[in-house]
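Architecture and fold: a report
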Amino acid sequence: MMRKVIAVLMILSVLLCAGCSAPEQKEVTPTTKNEVCTIGLSFDSFVIERWTRDRDIFVSTANELGAEVNVQSAGGDVETQISQIKHFIEIEVDAIVIITADAVALTDVLKEAKGKGIPVICYDRLVMNADADLYISFDNEAVGKQMAEAICDYVDDGGKIVEIMGPESDYNVEQVMTGFHSVCDEHDMNIILQYNCDSWKPELAYDFVNEHFDEISKADAIMCGNDALAGEAIHALAERGYAGKIYVTGQDGDLEACQRLVEGTQLITVYKPVEKLAQLAAECAVKLASGESLGETDKFYDGSRDIPYIAIEPSAVTRENLDSVIIASGFHLREEVYMNEG
């Protein structure tokens, strides 16, 4: 009986196998680094308030597009930033985005990256002669013009102006000053003092105003390269009872600068929509990392050749249009901007 059962089972097994084909073998494609592109993002430093906002928006946008971002900060040190870029090259990132500490010192290492087939984006600040795949920034000459126009609205032709700028190694400084002087020259303004703050260190503006106060007290306006420098210049003026008596300009739309507009100690900040810049830069970085074309762009001469260029227009912000530009856009909250209003 047992033999019959075994025989039946064997027959059934054979029949079942005959009616079934072998399971299909699925082809397994190994994961490659191109499936999730990696972007190396190196900041000069986070001394300037806006950079953390730029970072967060860039990373968020890139992540939404399926990219990973390796964020580094050089702490304002050029050699550190060069080392970071070399590290990006070694780990074979798919694109490098650089907020440069120096417009010249990083040229060779970015050329090295391009030689390895890694596309390079100069974010906000240009690296000269690097043949970058994209330079994306704000219209910096327009920034300078807007500062000067605000001053000239309040100061008679021939007035006295002090300039406290960022480092000469930052090419943006040159562009801003070109725009600023183009307007000042039309109104015969007198530039009585000029100073460049190394690494955009705000405390240097404070020291400069204190050390040259006798001359600065006779000025009609102080042009500051950004809101952080403006804040320290105004701090020094306030200690001597001069805050609000000398017009002060800045740029970036920092929260404290907007509060100073309300208080009347700062004349203007130039608002630059960093959300738009960071989002667009991230989109372009992912395209380049994926081997896609950016399409038609403007061109900018980097010292040796014309490179793709995208410029975003800034907006002059004073006490009069603070609500419609800064608050309406959601850049800062109304309760934060007006928190010091008495």
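What the six strands build is an open sheet, ordered 7-6-8-9-10-13; its pairing is mixed. Strands with a single pairing partner mark the edges of an open sheet, and in this sheet they are strand 7 (190-196) and strand 13 (315-317). Pairwise comparison of adjacent strand axes, ignoring direction, gives a mean angle of 20° for this sheet. Here strand 9 (residues 247-251) pairs with strand 10 (residues 268-271) via three bridges, running parallel. Its bridge partner being in strand 10, glutamine 251 is matched across the sheet by valine 270. Contacts from helix 9 (residues 227-239) reach strand 6 (160-165), strand 8 (221-224), strand 9 and strand 10, with the element oriented near 155° to strand 9.

Now for the pattern of salt bridges. Under the criterion given, the structure shown has 11 salt bridges. In this structure, aspartate 133 and lysine 114 form a salt bridge, with 3.1 Å as the shortest nitrogen-oxygen distance. Of this pair, aspartate 133 sits in the loop between strand 4 (120-123) and strand 5 (134-138) while lysine 114 is found in helix 4 (residues 107-115), placing the two residues 19 residues apart along the sequence. Residue aspartate 133 is classed as partly exposed on the basis of its relative accessible area of 23%. What makes lysine 114 partly exposed here is its relative accessible area of 25%.

Bringing helix 4 into the picture now. Among the residues making up helix 4, those that are buried are Thr107, Val109, Leu110 and Ala113. Those residues of helix 4 that are buried are in contact with helix 3 (78-90), strand 3 (95-99) and strand 4. At the exit of helix 4 stands glycine 117, carrying a positive phi of roughly 85°.

Right, let's talk about the pairing of strand 12 (residues 306-312) for a bit. With five of seven residues buried, strand 12 is to be regarded as a mostly interior element. Here strand 5 runs beside strand 12; their pairing, made up of four bridges, is parallel. Across the sheet, residue isoleucine 136 finds its bridge partner in strand 12, namely isoleucine 310. Note that strand 11 (residues 298-301) and strand 12 share four bridges and pair antiparallel. Considered in strand 12, the bridge of aspartate 298 is made with tyrosine 309. The turn joining strand 11 and strand 12, which pair antiparallel and follow one another in sequence, is formed by four residues; a positive phi near 110° is taken by glycine 303.

Each value, and the rule that gives it
- Residues numbered from 1 in each chain as written.
- Predicted model: local features only at pLDDT ≥ 70, side-chain atom pairs only at ≥ 80, totals over all residues.
- Heavy atoms only, no water.
- Pairing = 2+ DSSP bridges.
- Helix = DSSP H or I, 4+ residues; strand = E, 2+ residues; numbered from the N terminus.
- Axes fitted to C-alpha atoms, helices over the stretch in contact; angles between N-to-C directions.
- Contact = heavy atoms within 4.5 Å.
- Salt bridge = Lys/Arg side-chain N within 4 Å of Asp/Glu carboxyl O.
- Buried < 20%, exposed > 50% of the residue type's maximum accessible area, 1.4 Å probe, protein only.

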